[in-house]
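Tertiary structure, described
Single-letter residue listing:
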Amino acid sequence: MQIRPLTIAGAWELTPRQFGDSRGVFLEAFKSDVLAETIGHRFDLAQMNVSVSGAGAVRGIHFADVPPGQAKYVTCLSGAIFDVIVDIRVGSPTFGQWDSVLLDDVDRRAVYLSEGLGHGFCSLAEGSTVGYLCSSGYDPSAEHGVHPLDPTVAIEWPATDRYGETRLRYELSEKDTAAPSLDDAARAGLLPDYDAVDGYLGSLGTAAGPADTSGVRETR
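Residues numbered from 1 in each chain as written. Predicted model: local features only at pLDDT ≥ 70, side-chain atom pairs only at ≥ 80, totals over all residues. Heavy atoms only, no water.

- Under an unreviewed UniProt entry, the protein chain has the name dTDP-4-dehydrorhamnose 3,5-epimerase and belongs to Williamsia sterculiae.
- Under Sequence similarities (unreviewed entry), UniProt gives the following word-for-word description of the protein chain: "Belongs to the dTDP-4-dehydrorhamnose 3,5-epimerase family." (UniProt positions renumbered as here; feature names shortened; annotations may be inferred.)

Here it is in structure tokens:
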């Protein structure tokens, strides 16, 4: 498995090795020991979510209160998505910045994002099926969002589908449409504090710290 740190500290891209023959393909989509070595502590799986989205569907930017927050291990089981991680931690050196990874059913990459980060995606194909492994269960009282089209965050969402043939028409849920901007969420005290998140992750055996810029790492 190849592991690449993203530009947002606390987020990584993981690309599995695939083994194919006349029957199809086999891969190890998730390895707890590899992930623990990468993030510095064990990933406690509490819940798995699956979403199916039409082309142009936008979900996010979602996040949860810390503690306990909700770390996510995200992969696209079918179709393709433009997956986005946003640094919403007030006081972070990269506050307001974002990074993206193409998750699809070809390279079968995954993304891990730590507690305290925002997450969203845009579906690039009809029926894109996404699996989320989550470190904590759903708690509606602790769940929040930032508007995915907020010009302050300025995510460069794709204009066309995975093949560049069809122009996308973005579709948001009522909840995401009503979500505040990043600035409004900050003023309302909804966003996690960078130092508080760092302290919480430290209690788990890791710290947010600066992004790992050492490059791609190979594991067996």
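Back to the text.
What about the pattern of salt bridges?
- Inspection of every chain in the model, using the stated rule, returns 9 salt bridges.
- We note a salt bridge from Asp 21 to Arg 23, for which the minimum N-O separation is 2.6 Å.
- Given a relative accessible area of 42%, Asp 21 falls into the partly exposed group.
- Its relative accessible area of 75% is what places Arg 23 among the exposed residues.
- A salt bridge links Asp 107 to Arg 109; the nearest nitrogen and oxygen atoms lie 3.2 Å apart.
- The structure contains a network of salt bridges with shared partners spanning Arg 4, Glu 13, Asp 107 and Arg 109. (Salt bridge = Lys/Arg side-chain N within 4 Å of Asp/Glu carboxyl O. Buried < 20%, exposed > 50% of the residue type's maximum accessible area, 1.4 Å probe, protein only.)

Details of the sheet that holds strand S6 (residues 58–64)
- A sheet is described by the order of its strands in space; here 5 strands give the open sequence S9-S8-S11-S6-S13, paired in antiparallel fashion. The two strands at the open ends of the sheet, each matched to only one other strand, are strand S9 (98–104) and strand S13 (143–145). Each neighbouring strand pair of the sheet contributes to a mean axis angle of 25 degrees, computed without reference to strand direction.
- In this sheet, S13 lies alongside S6 in antiparallel orientation, the contact comprising 3 bridges. (Pairing = 2+ DSSP bridges. Helix = DSSP H or I, 4+ residues; strand = E, 2+ residues; numbered from the N terminus. Axes fitted to C-alpha atoms, helices over the stretch in contact; angles between N-to-C directions.)

What about a nonpolar patch on the surface?
- A contiguous nonpolar surface patch, about 380 Å² in accessible area, is contributed by Met 48, Val 50, Val 52 and Leu 77.
- Per-element accounting of the nonpolar patch gives the leading share, 3 residues, to strand S5 (residues 47–53).
- Mapped onto the elements of the fold, Val 50 is located in strand S5. (Patch = residues over 30% accessible without salt bridge, like charges linked within 9 Å, V, L, I, M, F, W, Y side chains within 5 Å. Areas by Shrake-Rupley, 256 points an atom, 1.4 Å probe, with all protein chains shown as cover.)

Some words on the nonpolar core
- Counting residues in hydrophobic clusters, the biggest one holds 18 residues, and the most contacted among them are Phe 82, Val 86, Cys 122, Val 146, Ile 155, Trp 157 and Leu 191.
- In terms of residues, this core owes the most to one element, strand S8 (residues 80–86), which gives 4 residues.
- Discounting chain neighbours no more than four positions away, the residues touching Cys 122 are Gly 56, Ala 57, Val 58, Ala 80, Ile 81, Phe 82, Trp 157, Leu 168 and Tyr 170.
- Grouped together as the second largest cluster of nonpolar side chains are 16 residues, Ile 8, Ile 81, Tyr 132 and Cys 134 included. (Core = buried A, V, L, I, M, F, W, Y, C linked by side-chain atoms within 4.5 Å. Contact = heavy atoms within 4.5 Å.)

Quick notes on the pairing of strand S1 (residues 2–5)
- The two faces of S1 differ: Ile 3 and Pro 5 on one face are buried, but Gln 2 and Arg 4 on the other face are not.
- Bridge count between S1 and strand S2 (residues 11–15): 4 bridges; the pairing is antiparallel. The partner of Pro 5 across the bridge, within S2, is Trp 12.
- Counted along the chain from S1 to the antiparallel partner S2, the turn is 5 residues long, and its residue Gly 10 has a positive phi close to 100 degrees.
- Two elements, S1 and strand S14 (residues 217–218), share 2 bridges in a ladder whose sense is antiparallel. Across the sheet, residue Ile 3 finds its bridge partner in S14, namely Arg 217.

Some thoughts on the environment of Trp 12
- Here Trp 12 shows up in strand S2.
- When its relative accessible area of 12% is taken as the criterion, Trp 12 is described as buried.
- Counting along the chain gives 27 residues from Trp 12 to Ile 39, while the straight-line C-alpha distance between them is 8.9 Å.
- Look past the residues within four positions of Trp 12 in its chain and what remains in contact with it is Ile 3, Arg 4, Pro 5, Leu 6, Thr 38, Ile 39, Ala 110, Val 111, Tyr 112 and Ser 114.

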